[in-house]
Amino acid sequence: MKTTRIRSTTILGVRRKGSVALGGDGQVTFGDMALKQKAVKVRRIDVHRNSVLGGFAGAAADAMTLFEKFEQKLEEHQGDLRRAVVELAKEWRLDKVLRNLDALLALMDRKHSFIVSGDGNVIEPDGPIIAIGSGGGYAQAAATAFLASTSLSAGEIVKKSLRIAADLCIYTNDSLTVLEL
């Protein structure tokens, strides 16, 4: 029996000239139907005078559980994003319940960006862009072009790039939420 997957999301983060922006679209798709247009898939996490922006792709309930775990790890490690991310990935992979959660997290502060998955992967992209989700590649390509050819702010690059992804990816819309540090 084939299961229809809920597909959703393009999350894009950009760091430029000391500012950080992370945004996501609002579409949730089930099979060939768009179920929701204005989902919010990004959030700000403030711990120990450190602000972290986080976004998710995948199952919303699973992502909310992982955000709660991440906040605990960030608190435990006094706002140290790198340490909190590694500890979250270890627990996510090893815990019998967490191991089955289906989501991908994008996390950024002023200095670092990470993509975290349930199979233990912690990826710190080389450049100033982070992207996940079905339209992530489209948004990343657009952001790369904007960074190289314009003087737009990080927030404007995220907005414009997500709109381009929405034009190309059927699982992405232009109902955007963009957060900035």
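Up top you'll find the structure we're talking about.
An account of the accompanying structure is given in this report.

Procedures and definitions
Residues numbered from 1 in each chain as written. Predicted model: local features only at pLDDT ≥ 70, side-chain atom pairs only at ≥ 80, totals over all residues. Heavy atoms only, no water. Helix = DSSP H or I, 4+ residues; strand = E, 2+ residues; numbered from the N terminus. Rg over C-alpha atoms; globule rule 2.2 N^0.38 Å. Buried < 20%, exposed > 50% of the residue type's maximum accessible area, 1.4 Å probe, protein only. Contact = heavy atoms within 4.5 Å. Areas by Shrake-Rupley, 256 points an atom, 1.4 Å probe, with all protein chains shown as cover. Lys, Arg positive; Asp, Glu negative; His and termini not counted. Charge placed at Lys NZ, Arg CZ, Asp CG, Glu CD. Salt bridge = Lys/Arg side-chain N within 4 Å of Asp/Glu carboxyl O. Patch = residues over 30% accessible without salt bridge, like charges linked within 9 Å, V, L, I, M, F, W, Y side chains within 5 Å. Expected span 1.5 Å × (residues − 1). Arc of directions from axis to C-beta. Pairing = 2+ DSSP bridges. Axes fitted to C-alpha atoms, helices over the stretch in contact; angles between N-to-C directions. Parallel < 35°, antiparallel > 145°, perpendicular 65-115°, else oblique. Left-handed = near helix turned anticlockwise from the far one by under 90°. Nonpolar A, V, L, I, M, F, W, Y, C, P; charged D, E, K, R; others polar.

Section: the overall build of the protein chain
So, step 1. The number of helices and strands found in the protein chain is four helices and 12 strands.
So, step 2. The globule rule puts the C-alpha radius of gyration for 181 residues at 16 Å, and the 16 Å found for the protein chain is close to it.
So, step 3. Principal-axis analysis of the C-alpha atoms gives the protein chain an extent of 50 × 40 × 25 Å.
So, step 4. A total of 181 residues make up the protein chain; the buried ones form 48% of that total.
So, step 5. In the protein chain, once contacts between residues fewer than 6 apart in sequence are set aside, the share between residues at least 24 apart is 61%.
So, step 6. Here the protein chain has roughly 9300 Å² of accessible surface; of this, 49% comes from carbon and sulfur atoms.
So, step 7. Charge separation in the protein chain, taken as the distance between the mean sites of 25 positive and 21 negative side-chain charges, equals 2 Å.

A few points about the pattern of salt bridges
For side chains bearing opposite charge, pairing can occur when the charged atoms are close.
So, step 1. The tally for this structure, following the rule as stated, stands at eight salt bridges.
So, step 2. Between Glu124 and Arg82 there is a salt bridge, and its shortest N-O distance comes to 3.3 Å. In this pair, Glu124 is assigned in the loop between β10 (122-123) and β11 (129-133) and Arg82 in helix α2 (residues 81-94), connecting sequence segments 42 residues apart.
So, step 3. Look at Glu124 and you get partly exposed, because its relative accessible area is 34%.
So, step 4. Classification of Arg82 by relative accessible area gives partly exposed; the value is 38%.

Digging into a nonpolar patch on the surface
So, step 1. A contiguous nonpolar surface patch, about 290 Å² in accessible area, is contributed by Phe30, Met33 and Leu35.
So, step 2. Among the structural elements, Phe30 can be located in strand β4 (residues 28-30).

A word on helix α4 (residues 154-168)
So, step 1. When the terminal C-alpha atoms of α4 are compared, their 21 Å separation across 15 residues agrees well with the 21 Å that a helix rising 1.5 Å per residue should span.
So, step 2. The complete set of buried residues in α4 reads Ala154, Gly155, Ile157, Val158, Ser161, Leu162, Ala165 and Ala166. An end-on view of α4 places all buried positions within 165° of arc, on one side of the element.
So, step 3. Against the buried residues of α4 lie β2 (10-16), β3 (19-24), α3 (136-149) and β12 (177-180).

A short note on the sheet that holds strand β9 (residues 113-117)
So, step 1. Pairing is antiparallel in the open sheet, where five strands are placed in the order β6-β7-β8-β9-β10. At either end of the open sheet lies a strand with only one pairing partner, and these are β6 (42-47) and β10.
So, step 2. When β9 meets β10, the two strands line up antiparallel, connected through two bridges. In the strand pairing of β10, Val116 is matched with Val122.
So, step 3. Most of the contacts of α2 go to β9, to which it runs at about 5°, and overall it touches β7 (50-58), β8 (103-108), β9 and β10.

A word on the sheet that holds β3
So, step 1. The antiparallel open sheet is built from four strands, whose spatial order is β11-β2-β3-β12. Of all strands in the sheet, those with a lone pairing partner are β11 and β12, marking the two edges. The mean inter-strand angle of the sheet, taken between neighbouring strand axes irrespective of direction, is 10°.
So, step 2. Here four bridges tie β3 to β12, and the two strands are oriented antiparallel to one another. By the bridge assignment, Ala21 is partnered in β12 with Glu180.
So, step 3. Together, β2 and β11 form the strand contacts of α3, whose direction differs from that of β2 by roughly 20°.
So, step 4. Along the sheet face, α4 touches β2, β3 and β12 and points at about 150° away from the line of β2.

Some words on the packing of helix α1 (residues 60-76) against α2
Each packed pair of helices is defined by two parameters, the angle between the axes and the distance between the axes.
So, step 1. The N-to-C vectors of α1 and α2 enclose an angle of 130°; their axes lie 8 Å apart at closest approach. Taken together, the axes of α1 and α2 are oblique relative to one another. The chirality of how α1 crosses α2 is right-handed. Within the contact between the two elements, α1 uses Leu66, Lys69, Phe70, Lys73 and Leu74 and α2 uses Leu81, Ala84, Val85, Glu87, Leu88, Glu91 and Trp92.
So, step 2. Tallied by class, the residues present in the contact of α1 with α2 amount to eight nonpolar, no polar and four charged.

These figures come from the coordinates and say nothing about function on their own.
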